[in-house]
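Spelled out, the chains give:
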Amino acid sequence: MSQSQTSIKLVTPDIVRDTYYDAVIVGAGVAGAIVAKQLSEQGKTVLILEAGTGQALTLEGFQRHVETFYGAVDKNSNSPYPYNPNAPSPTDNKHHYFKEEGPLPLSGSYTRVLGGTTMHWEGKSIRMLPDDFKLRTKYGQGLDWPISYQDLQPYYRQAEYEIGVSGNTEEQANLGVPFIPGYVLPMKELPPSYLDQKVSEGLGDATVDLYGETFSLGLSTFPQSRNSIPNPDYKRPGFKPNELRPHNFVPKGVASVNPVEYGERCQGNGNCVPICPVQAKYDARKTLNTIAFPERVHLLPQAVAFKVEVGENGRVTGIHFKHYQDKDSPNHTDGIAKGSVEKGTLFVLAANPVENAKLMLISGLHSSSGFMGCHLMDHPYLLAWGLMPDVTGTLRGPQVTSGISHFRQGAFRQHQSVFAMSIHNDGWGWSGTDPTKVVGDAVDQNIYGNQLRQELISKISRQLLLDFMCELPAESSNRVTIDDQYKDQLGIPRPVIHFNIPNYTKNAIVFARKLSTTIFKHLGVTDCTKYKYDEPPQDPAYFEYEGQGYWTRGGNHFAGTHVMGTSKFNSVVDQNLRSWDHENLYMVGAGSMPSIGSANTTLTLAALSFKASEQMLKDLNT
């Protein structure tokens, strides 16, 4: 396969107009890619409508993204991907894609490019815990799932194979994550960075108390979708005991199945967010480019869905889209991907929680429960940063390798949310104090030459940033709506966000701030965290609680908005992610999750996509 070729077929609106498919999918992110792969491998024809361009399917296109990132002055999470006013992303405050109605901003982003937000995700692939599925029943918060952890466990194994997870199951089992006996992940865990090792040495066997329970501050590594060393003991889902190579796990490449283009083993670059230059990190293009029967999958890029068409019987009959040629021009043609009565076409919304809900609301489809767009969730992150007493090799290694995961469960959950803490190997960048600012501050102080070199070594190589990823339960008041007075370049309504952090989560943030102080004392760290309670910062995410000032950053782990449940009166979709109101419509991805616990959402939404695909195949085969 040459660099200019792709495996699946890029098509034109004319081909879409004249073709009937078994399934029409909106969005070429991880959820849409998994569904397309599963359906096509069972003989089904699939169309994917993608709002972004299709260039990134090739290695050449991926390299252009890397070069764009290198040339960007502002290294934000979407900096490899040029701003596209026809498919805008909530990147920063410059373009204002979200209309924020508060009280607090959602303060996160996603990427409307081919590959979705896996194009800029960090790569952590953590399973949720059994208690996360019964949050309302056990702790009186948020919502329960209509399924259990055990129900999802086989699909977790499928997802871990598909996206290539590296990690240590024994270590995770000791932290409360159940696995079937003898199970190991496809690749071995990434080793702790030097910074991690120094933090671990400093913490030793330290403990803290929380509501009468004692918790260790010991570190563990995080499972990640990042290439390490394939595990020879791994057995892929569905293996047969007499197979010669039951593990047979080979890391996937970005743009083809040729060995020369396999993703390399992680080399410790510090810019996993927004892009891995050696292709070690998983993104959805790896799934798209390893579809076994690519002739069955058509991809129409630069096609922005704007209406779900429904017939009198409640079945979806088509998806209307606007197809543009130039991202900087509003000129476009309207098209429709139609359903076939004979084929019994399925329609799958796989954009992301905000875009899925927005599309349904624009179409006037609010769901019988009235919960379309409601229960919006993300992980608020509290940050704490300081200077280690000695040089610890900051900026070496992938962005995160280790952290503290002992606070992911416990009786304290009656009073506050759970959280997980990570150690950042990329310095203070996320806090707004990146190396560029350190250099600028030194020059402002007339520090030059060898003195400048020593200043940078002291101020950058000793940087430690801790992030505390806090659970936020589903609340109906946190939601996505639309307003016709706020539209994008194509005239499509932008998302209107109503968001706040409940006291249940704020209690965890208060504890996390105290815990960061305790950790810094154990390590001899000079605390440089700036909360500025006396002088509140000009930050829209700033809030005051219990006499103290805080600000958080969004985790980009958007969820909720079309949650699953037990009936059409308490949810939007059923346990297979099929709409209660439209029998041939599925809404996949994290938008269907009723809770997020303290796990990054990608692995779970991937598992749910495998589960939903099973039901889709049953629907298509009846």
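Residues numbered from 1 in each chain as written. Predicted model: local features only at pLDDT ≥ 70, side-chain atom pairs only at ≥ 80, totals over all residues. Heavy atoms only, no water.

As for the overall build of the protein chain
Secondary structure assignment for the protein chain yields 13 helices and 23 strands. Taken over C-alpha atoms, the radius of gyration comes to 24 Å for the protein chain, in line with the 25 Å a tight globule of 622 residues would show. Its C-alpha atoms put the protein chain at 70 × 55 × 50 Å along the principal axes. The burial tally for the protein chain puts 61% of its 622 residues in the buried class. Summarising the internal contacts of the protein chain: among those between residues at least 6 apart in sequence, 74% fall at separations of at least 24. Surface summary for the protein chain: the accessible area is close to 23,500 Å², and the carbon and sulfur share equals 48%. Between the centroid of the 56 positive side chains of the protein chain and the centroid of its 63 negative side chains there is a distance of 3 Å. (Helix = DSSP H or I, 4+ residues; strand = E, 2+ residues; numbered from the N terminus. Rg over C-alpha atoms; globule rule 2.2 N^0.38 Å. Buried < 20%, exposed > 50% of the residue type's maximum accessible area, 1.4 Å probe, protein only. Contact = heavy atoms within 4.5 Å. Areas by Shrake-Rupley, 256 points an atom, 1.4 Å probe, with all protein chains shown as cover. Lys, Arg positive; Asp, Glu negative; His and termini not counted. Charge placed at Lys NZ, Arg CZ, Asp CG, Glu CD.)

A short note on the sheet that holds strand 11 (residues 332-338)
Taken together, 3 strands build an open sheet; the order of strands is 9-10-11 and the sheet is antiparallel. One side of each edge strand has no neighbouring strand; the edge strands of this open sheet are strand 9 (303-310) and strand 11. Sheet twist, expressed as the average angle between the axes of neighbouring strands with direction ignored, equals 25°. By the bridge criterion, 7 bridges tie strand 10 (residues 316-324) to strand 11 in an arrangement that is antiparallel. The residue of strand 11 that forms the bridge with Lys322 is Asp334. (Pairing = 2+ DSSP bridges. Axes fitted to C-alpha atoms, helices over the stretch in contact; angles between N-to-C directions.)

Quick notes on the nonpolar core
With 143 residues, the main nonpolar core has Leu49, Phe407 and Leu464 as its most contacted residues. Here the element with the most residues in this core is helix 13 (residues 602-621); it accounts for 10 residues. In contact with Leu49, not counting residues within four places along its chain, are Val24, Ile25, Val26, Gly27, Leu300, Ala303, Ile319, Phe321 and Ala337. Among the nonpolar cores identified, the runner-up in size contains 9 residues, and Trp428, Leu465, Met469 and Tyr542 belong to it. (Core = buried A, V, L, I, M, F, W, Y, C linked by side-chain atoms within 4.5 Å.)

What about the sheet that holds strand 1 (residues 9-10)?
The strand order across the open sheet built from 6 strands is 1-8-3-2-12-23, with neighbouring strands paired in parallel fashion. A strand with exactly one partner marks an edge of an open sheet, and here the two such strands are strand 1 and strand 23 (585-587). Pairing between strand 12 (residues 346-349) and strand 23: 3 bridges, direction parallel. Paired with Val348 across the strands is Tyr586, a residue of strand 23.

Some thoughts on the packing of aromatic side chains
What characterises a pair of aromatic rings is the spacing of the ring centres plus the angle enclosed by the ring planes. All told, the structure shown has 20 aromatic pairs when counted by the stated rule. Look at Phe407 and Phe419: their rings are 4.9 Å apart centre to centre, the planes differ by 10°, and that puts the pair in the stacked class. Taken together, the residues Phe407 in the loop between strand 14 (400-404) and strand 15 (419-424) and Phe419 in strand 15 connect sequence positions 12 residues apart. When sorted by exposure, Phe407 lands in the same class as Phe419, which is buried. The structure contains a cluster of three or more aromatic residues connected by ring pairs, namely Phe215, Phe407, Phe412, Phe419, Phe468 and Phe511. The lysine or arginine in question, Lys124, covers the ring of Phe222, its NZ or CZ lying 4.6 Å from the ring centre. Taking the ring centre of Phe293 as reference, the NZ or CZ of Arg296 above it sits at 3.9 Å. (Phe/Tyr/Trp six-rings, centres within 6.5 Å; stacked < 30°, edge-to-face > 60°. Lys NZ or Arg CZ within 6 Å of the ring centre and 35° of its normal.)

Remarks on the state of the cysteines
The full count for this structure, using the stated rule, is 0 disulfides. Cys266 takes part in no disulfide bond, and the closest cysteine sulfur, belonging to Cys272, lies 6.0 Å away. (Disulfide = S-S within 2.5 Å.)

A look at a nonpolar patch on the surface
On the surface, Val439, Val443 and Tyr448 cluster together into a nonpolar patch covering about 240 Å² of accessible area. Assessed through its relative accessible area of 32%, Val439 is described here as partly exposed. (Patch = residues over 30% accessible without salt bridge, like charges linked within 9 Å, V, L, I, M, F, W, Y side chains within 5 Å. Salt bridge = Lys/Arg side-chain N within 4 Å of Asp/Glu carboxyl O.)

Details of the pairing of strand 6 (residues 213-216)
Sheet analysis places strand 5 (residues 207-210) next to strand 6, joined by 4 bridges and oriented antiparallel. Opposite Val208, over in strand 6, you have Phe215 as the bridge partner. Between strand 5 and strand 6, which pair antiparallel one after the other, the connecting turn spans 2 residues, and Tyr211 there sits at a positive phi close to 50°.

Re the confidence of the model for the protein chain
With 93% of its residues at a pLDDT of 70 or more, the protein chain shows a mean pLDDT of 91. Every residue in residues 1-5 is under pLDDT 50, and counting partners more than four places away or in other chains gives 12 contacts. Of the regions scoring below 50 in pLDDT, residues 255-260 engages in 12 contacts with residues more than four places distant in sequence or in other chains. (pLDDT = per-residue confidence, 0-100.)

So, the packing of helix 2 (residues 30-40) against helix 13
Remark: helix 2 packs on helix 13, axes separated minimally by 9 Å, with the N-to-C direction vectors making an angle of 35°. Of the two elements, helix 2 crosses helix 13, and the hand of that crossing is right-handed. In contact with Val30, Ala31, Ile34, Val35, Gln38 and Leu39 of helix 2, helix 13 contributes Thr602, Leu605, Ala606, Ser609, Phe610, Ser613, Met616, Leu617 and Leu620. A class-by-class count of the residues in the contact of helix 2 with helix 13 yields 11 nonpolar, 4 polar and no charged. (Left-handed = near helix turned anticlockwise from the far one by under 90°. Nonpolar A, V, L, I, M, F, W, Y, C, P; charged D, E, K, R; others polar.)

Some thoughts on the pairing of strand 12
Side chains Leu346 and Val348 project from strand 12 onto one buried face, and the interleaved Phe347 and Leu349 project onto a second face that is buried too. In this sheet, strand 12 lies alongside strand 2 (residues 23-26) in parallel orientation, the contact comprising 4 bridges. When the sheet's bridge partners are listed, Ala23 is paired in strand 12 with Leu346.

Observations concerning the environment of Asn269
Mapped onto the secondary structure, Asn269 falls in the loop between strand 7 (220-221) and helix 8 (284-288). A relative accessible area of 28% places Asn269 in the partly exposed class. Between the C-alpha atom of Asn269 and that of Asp426, which follows or precedes it by 157 residues, the distance is 9.2 Å. Leaving out residues up to four positions away in the same chain, Asn269 has contacts with Pro277, Val278, Gly397, Pro398 and Gln399.

Brief notes about the pattern of salt bridges
Applying the stated rule across the entire model yields 20 salt bridges. Notably, a salt bridge pairs Asp283 with Arg285, separated by 2.6 Å at the nearest N-O pair. Since its relative accessible area comes to 5%, Asp283 is described here as buried. Between Lys459 and Glu455 there is a salt bridge, and its shortest N-O distance comes to 2.9 Å.

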